[in-house]
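Survey of secondary and tertiary structure
Below, each chain spelled out in residue letters.
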Number of protein chains: 2
Amino acid sequence: MAYSEQYIDKLRKSGLRPTKQRIKICEVLFDVEKTFHFTIKELVKIIENQANIKVSLATVYNTVHAFIKKGYLKEIPLNASQSYYDTNVTHHHHFFDEEENKLIDIHQDDVDEVNIKRTIPGKKIRSVEVIAKIVSDNQSQK
Amino acid sequence: MAYSEQYIDKLRKSGLRPTKQRIKICEVLFDVEKTFHFTIKELVKIIENQANIKVSLATVYNTVHAFIKKGYLKEIPLNASQSYYDTNVTHHHHFFDEEENKLIDIHQDDVDEVNIKRTIPGKKIRSVEVIAKIVSDNQSQK
DNA sequence: TCAACAGTTTAGAATAAATATAATGTATTA
DNA sequence: TAATACATTATATTTATTCTAAACTGTTGA
Ligand SMILES: [Mn+2]
Ligand SMILES: [Mn+2]
Ligand SMILES: [Zn+2]
Ligand SMILES: [Zn+2]
C-alpha cells in the first residue's frame, strides 16, 4: 500500500478524511500515466472493475464535488445530459468529438492566446475556454 | 396578422406545418429587435405571458428541436443542469456571467481568429467556440 | 369541397442525472 | 477508548428532458 500514502497525505492536507472510498477514488483518478476525462457513470464503472470495495453512487458524487472544490478536478462545460470531469486541471482547451462523445485535450501552447477585445463593466474574466467540435473528415480526396 | 405571414412562409419552406403554436413561438423568438438567449423554462414563461393560446411543454421542446435542426436556433455548450438556446445563429462567442447565469454575445470581430495548431487525423473542425466566464470585479481600486 | 392521411399537439408517464435525507459507520483527538 | 465531527450509504426526491399514444389539424388530390 505504499503509493496510497501520497493520497492519504493529499486528503489530510485538504482537510478531507482519508477514507478507503476516497483513497480508492484517488487511485483511480490520479494513479495513472495520463490525465483523462470521465462522466460519473464511467467513473462508477472503473471503480467497480478495479475495486475490492464497494463505493456508493452518492459517495462518488460527493467525492467528485469535494475534489472540484479543492482544485483536483475540473468540470468541463459541455452541452450534454451529463457532466464531464477532467483530471487535467491545468489551463487548456478541448476538441469534442461529436461522434464518439469524447473530449481530447488541446494544450494551451497549441492555441494562440485568445484575445477578447471587449469588456463588461464591473466584471472580470475568470477563465477562457475554447471548444472545437470535430467530426469525421469524409472528404473524397481527389 | 400581417407579419405572421413571413413565419408561415418560413415554416412551409422548412417543411414544417405552420400551426398556431409554431407561429406563436416564431413571433416570440424572431419578432424582436435583438437576438437573445433562453432556457426552455424561460421560453415557456414568455409564451404564457404574451400568448392568447396555450402551448404544451412537449410542443415547446419539439419546436425548439425542430428549429435547431433547421438552423434557426443554436444550442449553447454550457455546463448546467439545463440547456441554453440562442436565437443568434451567426458564428460568435460568449461571456458567461456565473453570478447572473446569463450569456452575453461576443461578436466574431471582437475575438481574433482562434488558431489551433493541432489536428486530429481523420477529423475536421466543425465549429470553434470560446466561452469566457466572468464574475464581479470587486477590486479595491486604490 | 372534403375525405383521407400524414404531421402535430397534448397530458401524462417514463427516464435519468443529480441532490437531499437521515440512519449508520468511521477517523480523529483528547 | 469515548466523544464527536465527518463520511458513507440506501433510499427518496427533484427536475430537465424524452416518450407514448390518443386526439387534433393542415394539406392534398379526387
Ligand atoms: Mn455539479
Ligand atoms: Mn437531466
Ligand atoms: Zn481536458
Ligand atoms: Zn449568443
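For the structure itself, look to the data block above.
Residues numbered from 1 in each chain as written. Chains lettered and ligands numbered in written order. Predicted model: local features only at pLDDT ≥ 70, side-chain atom pairs only at ≥ 80, totals over all residues. Heavy atoms only, no water.

**Thoughts on the interface of chain B and chain A**
Listed as interface residues are 40 residues of chain B and, on the opposing side, 40 residues of chain A. Summing both sides of the interface, chain B and chain A together bury roughly 3,800 Å²; the carbon and sulfur share of this comes to 52%. It is Asn-79, Lys-123 and Lys-124 of chain B in chain B that bury the most area against chain A; as a group they hold 16% of the surface buried on that side. Put simply, chain B and chain A have 8 salt bridges between them. Note that Lys-123 of chain B is salt-bridged to Glu-99 of chain A, the shortest N-O span being 3.1 Å. Put simply, chain B and chain A have 26 residue pairs in polar contact (both at pLDDT 80 or more) between them. Counting residues per element, the ones that place at least two in the side of chain B that touches chain A are β2 (74–76), β4 (93–97), β5 (102–106) and β6 (123–136) of chain B. The biggest single contributor to the side of chain B that touches chain A is β6 of chain B, with 14 residues. (Contact = heavy atoms within 4.5 Å. Buried area = accessible area lost by both parts, 1.4 Å probe. Salt bridge = Lys/Arg side-chain N within 4 Å of Asp/Glu carboxyl O. Polar contact = N/O pair within 3.5 Å; in protein donor to acceptor, adjacent residues only side chain to side chain. Helix = DSSP H or I, 4+ residues; strand = E, 2+ residues; numbered from the N terminus.)

**So, the sheet that holds strand β4 (residues 93–97) of chain A**
A sheet is described by the order of its strands in space; here 6 strands give the open sequence β5(A)-β4(A)-β6(A)-β6(B)-β4(B)-β5(B), paired in mixed fashion. Single-partner strands in this sheet number two, and they are β5 (102–106) of chain A together with β5 of chain B. Within this sheet the neighbouring strands show an average axis-to-axis angle of 30°, counted without direction. In the sheet, strand β6 (residues 123–136) of chain A pairs with β6 of chain B via 13 bridges, with the strands oriented antiparallel. (Pairing = 2+ DSSP bridges. Axes fitted to C-alpha atoms, helices over the stretch in contact; angles between N-to-C directions.)

**Describing the pattern of salt bridges**
Scanning all chains against the criterion turns up 12 salt bridges over all chains. Between Asp-112 of chain B and Lys-117 of chain A there is a salt bridge, and its shortest N-O distance comes to 3.0 Å. Here Asp-112 of chain B is found in the loop between β5 and β6, whereas its partner Lys-117 of chain A is found in the loop between β5 and β6 on a different chain. Close ionic contact of Lys-102 of chain B with Glu-42 of chain B constitutes a salt bridge, the shortest N to O distance being 3.4 Å. Of the two residues, Lys-102 of chain B sits in strand β5 while Glu-42 of chain B sits in helix α3 (residues 40–50), which places them 60 residues apart along the sequence. For Lys-102 of chain B, a relative accessible area of 41% puts it in the partly exposed group. Several salt bridges share partner residues, and in doing so they unite Asp-97 and Glu-99 of chain A together with Lys-123 of chain B into one network. (Buried < 20%, exposed > 50% of the residue type's maximum accessible area, 1.4 Å probe, protein only.)

**Examining the protein's contact with DNA strand D**
The environment of DNA strand D is made up of 23 residues, and the closest members are Thr-19, Gln-21 and Arg-22 of chain A together with Tyr-61 and His-65 of chain B. Backbone atoms, meaning sugar plus phosphate, form 74% of the atoms of DNA strand D positioned within 4 Å of the protein. Note that a phosphate oxygen of DNA strand D is positioned 3.2 Å from one of the backbone N or O atoms of Arg-17 of chain A. Between a sugar or linking oxygen of DNA strand D and a side-chain N or O atom of Gln-21 of chain A, the distance comes to 2.8 Å. For the surface near DNA strand D, the elements supplying multiple residues, two or more each, are α2 (20–30) and α4 (57–70) of chain A together with α3 and α4 (57–70) of chain B. No other element matches the 4 residues that α4 of chain B contributes to the surface near DNA strand D. The residue inventory of the surface near DNA strand D, partitioned by class, reads 8 nonpolar, 9 polar and 6 charged. (Near = heavy atom within 4 Å. Nonpolar A, V, L, I, M, F, W, Y, C, P; charged D, E, K, R; others polar.)

By themselves these figures say nothing about function.
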